[in-house]
Amino acid sequence: MAHRIITQVFLTGARVFGRAFAEAYKQASASQKYASAMRDNPTAANSMSASGLTLDEACRILNVSPPKGGEADLGRVHEQFKRLFDMNDPKKGGSFYLQSKVLRARERIELEVRRAEGRRQREEELGRGWKPRVYRDR
């Protein structure tokens, strides 16, 4: 009789473990497909960052216009950031969640400006032609 109970417990545990493993595998597979689609799609890859904010969301949070051609009024961005960040200070009764959203919005806009600046510099260097910097005669 004891061997029967032990067998049933073992089989039930194996069934539960098997179903959980199958579900985890399905989720991992779907996540991998989504990540590869985001990587292969240039518009989707540029719309999100590590924080998960789109550029449009970041601009709406800080109430600034989106950067056009990589040019943004960073003075206005920092001014809005400081005002909203201080306004949502938890010590003054604000929300830490909103404060972190404001911070991530500023980081997202700065990231977009840095990316555009890097692209502009690469294009400028390619336009001049690639000239390696060789340090001799020093």
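Residues numbered from 1 in each chain as written. Predicted model: local features only at pLDDT ≥ 70, side-chain atom pairs only at ≥ 80, totals over all residues. Heavy atoms only, no water.

You'll find the protein chain entered in an unreviewed UniProt entry as Mitochondrial import inner membrane translocase subunit TIM16, with Extremus antarcticus given as the organism. Under the UniProt heading Sequence similarities (unreviewed entry), the entry covering the protein chain gives this text: "Belongs to the TIM16/PAM16 family." (UniProt positions renumbered as here; feature names shortened; annotations may be inferred.)

S.K.: Even after reading the chapter, I still don't get unusual backbone geometry, so can you show me in this structure?
M.R.: Across residues other than glycine, the phi torsion is negative in most instances, and most of the peptide bonds are trans. The residue Asn-63 is not glycine, and still its phi comes out positive at about 55 degrees. Along the chain, Asn-63 turns up in the loop between α3 (55-62) and α4 (74-87). According to the relative accessible area criterion, Asn-63 is exposed, its value standing at 53%. (Helix = DSSP H or I, 4+ residues; strand = E, 2+ residues; numbered from the N terminus. Buried < 20%, exposed > 50% of the residue type's maximum accessible area, 1.4 Å probe, protein only.)

S.K.: Can you help me understand the nonpolar core in this one?
M.R.: Soluble globular proteins tend to pack their nonpolar side chains together in the buried interior. Listed in full, the 12 residues of the largest apolar core are Leu-53, Leu-55, Ala-58, Cys-59, Leu-62, Val-64, Val-77, Phe-81, Leu-84, Val-102, Ala-105 and Ile-109. With 4 residues, α3 is the single largest residue contributor to this core. Filtering out sequence-adjacent residues up to four positions away, Phe-81 remains in contact with Leu-62, Val-102, Leu-103 and Arg-106. (Core = buried A, V, L, I, M, F, W, Y, C linked by side-chain atoms within 4.5 Å. Contact = heavy atoms within 4.5 Å.)

S.K.: So what exactly am I meant to see when it comes to the environment of Thr-54 here?
M.R.: Mapped onto the elements, Thr-54 comes out in the loop between α2 (42-47) and α3. The spacing of Thr-54 and Ala-105 is 51 residues in sequence and 8.7 Å in space, taken between C-alpha atoms.

S.K.: Any chance you could explain the packing of α4 against helix α5 (residues 96-128) here in plain terms?
M.R.: Between two packed helices, what matters for the description is the angle formed by their axes and the separation of those axes. Two elements in contact, α4 and α5, have axes whose closest approach is 9 Å; the angle formed by their N-to-C orientations is 170 degrees. When the interaxial angle is binned, α4 and α5 end up roughly antiparallel. Mapping the contact onto sequence places Leu-74, Val-77, His-78, Phe-81, Leu-84 and Phe-85 in α4 and Gln-99, Val-102, Leu-103, Arg-106, Ile-109, Glu-110 and Val-113 in α5. (Axes fitted to C-alpha atoms, helices over the stretch in contact; angles between N-to-C directions. Parallel < 35°, antiparallel > 145°, perpendicular 65-115°, else oblique.)

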